[in-house]
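Observations on the three-dimensional arrangement
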Amino acid sequence: MTKCDISFPLPLPDDPRKWQGWSNYRSPNLYERLCLDPHANPSNELIEEHCRELMRWWQKKLPLKNQPSNPLAQLLRSGLEESSRYLTEARLELLDPERRRALDEELAARDHEASAAEFRKYLNFALASRVLTPDEETNLLRFGAERALTEAEMSSMIEEALHETGAQRQTVAPPPAANTTETPAKSSPVNPQEEFLHLLRLSNLDTFNMSDDQRDTFIDMAENLGLDPGEAEDLVDLYLEEVDGKAFSDQPGAAPRVEVKSVAAPAPIEEKSSPEKIERNTGLERSRYGNFANTLGGLMIFVPSAEFTMGSEIKDALPNERPLSQVTLSRFYISRCLITNADYEQFDRAHLAKRAPGADDRHPVVYVSYLDAVKFCQWLSTRERRKFRLPTESEWEYAAKGNDGRKFPWGNYDGRGDLANFADRNTVFAWSDHDIDDGYPESSPVGAFPLGASPFGIEDMAGNVWEWCLDYYELYRPGSKVNPRGPTAGTKRVHRGGSWKSRFSSLRTTVRSSNVPGFSCNDLGFRIVCECD
């Protein structure tokens, strides 16, 4: 569950990137607008103080309205116009006793509903084996009590779930010896990360079988152990990589191709003399695999196994685009278009309130973090019984340029407004190209530039919005690679492709950027890959 930052360090940091509380000004929760904890029963004096300090903070930022190309102005955007109205509204509502009482009752009802929903998720997880043990029931009751649920409510939900699922309570306690090895792991509070990983391993779930609800339940359990939600997300990803890798290694080795999951992080050694590890037969693969439409209506384009040169050594290339390396890839599907608002909001309806101004259903989804994109892929995988994920960096680059050495998805020519959405005369950046008009001041509907498609017919791989990739970011290492997936750990994830804020030269297929997994903004989205059976 996403939580607002209600911290209120005084004096408030001048740099909004050092404090996220400023972004609460439009929160539907009036307490959160003023960075107040609704459960702490803040006094009228505290309400007045927070409103006054926040108004001063925004007032100092008003000169940015005249500096549209300033990155801080782009970050604060509509808050420069709207913040005072929203903050004043929150102050007036909270200082009125009747309105505040009604708000408190509404928030209490929402909290109770959310607590009951979390309890049901945990309960469903506990009943997955169709047996409810005494220890599990005790943990359930403690979990609910911590969320202010009454014993009668919890008992009713447990009985209802037992009836619906056909699960049974364990009536005979297991032999003491069977629990001996479990006791240290359950009782040890020393390392919450290890305890959480232990709980994950007990579930026996893998990427394909773990639903989004189950993942959310695990994150809630991690928070109960004292872990940060972001850290918990990383631990779930680590567990899934571990269990998926083990599942693959247990399979017979007769398959003629190498799956992406079977390859560890690229080692910093030369492999140029190694024999090719993937049997490639484009004609045969195309006869077996065709494009298909996913249940969201998006076309998934088949890309056959291939070998290509990754990176660039042209004069304009940045250091992080070098050195060149030969990469061999297994076949995969990739979405022809970026994931749109309409696509994403089938997964998360609340995102409708986060749409960029003027963006309709066909615009690419933005204000989504790497973690949001991963959750979307897991949801779609469960829905379709296929394995969807973000593209690896090498898959993305090959899908964008093929193997003929082109600079852009469409070829090597530049300086045209009918190929991509970038910083043109409709934008106000210092680097905007005022001689070109691509027709859009910000993002454009997906598929608006068919002439800019890649060799495989994949659209918007240059400009419009940046695209999250699966890999952690690091500088390239020399040597040939097979299905590389980047380093196994890091602080940032890769994104590719440039955006409507980018200069034309930044739309090259080899340009790389990155950010922390929790970052989101108005020119960063994603597309998806589906693994071949």
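The following paragraphs examine the structure supplied in this document. These figures come from a predicted structure and were not determined experimentally.

1. Focus: the packing of helix α5 (residues 97-126) against helix α6 (residues 134-145)
Interhelical geometry of α5 versus α6 gives an angle of 170 degrees and a closest axis separation of 10 Å. Considering the angle they form, α5 stands roughly antiparallel to α6. Here α5 contributes E118, F119, Y122, L123 and A126 to the contact with α6, which in turn contributes E136, N139, L140, F143 and G144. Class assignment of the residues belonging to the contact of α5 with α6 gives a composition of six nonpolar, two polar and two charged.

2. Brief notes about the pairing of strand β7 (residues 332-335)
By the alternation rule, side chains of β7 split into F332 and I334 and Y333 and S335, which are all buried. Alignment of strand β4 (residues 299-303) against β7, held across four bridges, turns out to be antiparallel. Bridge assignment links M300 to a residue of β7, and that residue is S335. By the bridge criterion, three bridges tie β7 to strand β14 (residues 529-531) in an arrangement that is antiparallel.

3. Quick look at the pattern of salt bridges
Under the criterion given, the structure shown has 28 salt bridges. Linking K61 and D14 is a salt bridge whose minimum nitrogen-to-oxygen distance equals 3.0 Å. Here the residue K61 occupies a position in helix α2 (residues 44-61), and D14 occupies one in the segment before α1 (30-33), the gap between them amounting to 47 residues. On the basis of relative accessibility, which here comes to 4%, the residue K61 falls in the buried class. Take D14: its relative accessible area is 53%, and that puts it in the exposed class. When the shortest N-O distance is used, the salt bridge between E393 and R496 registers 3.0 Å. Of the two residues, E393 is situated in helix α16 (residues 393-401) and R496 in strand β11 (residues 493-496); the sequence distance between them amounts to 103 residues. Residues E393 and R496 agree in their burial class; the two are buried. Three or more residues joined by partner-sharing salt bridges are found here, namely E393, E397, K401, R496 and R512.

Thresholds applied
- Residues numbered from 1 in each chain as written.
- Predicted model: local features only at pLDDT ≥ 70, side-chain atom pairs only at ≥ 80, totals over all residues.
- Heavy atoms only, no water.
- Axes fitted to C-alpha atoms, helices over the stretch in contact; angles between N-to-C directions.
- Helix = DSSP H or I, 4+ residues; strand = E, 2+ residues; numbered from the N terminus.
- Parallel < 35°, antiparallel > 145°, perpendicular 65-115°, else oblique.
- Contact = heavy atoms within 4.5 Å.
- Nonpolar A, V, L, I, M, F, W, Y, C, P; charged D, E, K, R; others polar.
- Buried < 20%, exposed > 50% of the residue type's maximum accessible area, 1.4 Å probe, protein only.
- Pairing = 2+ DSSP bridges.
- Salt bridge = Lys/Arg side-chain N within 4 Å of Asp/Glu carboxyl O.

Don't take any of this as a statement about function, it's just geometry.
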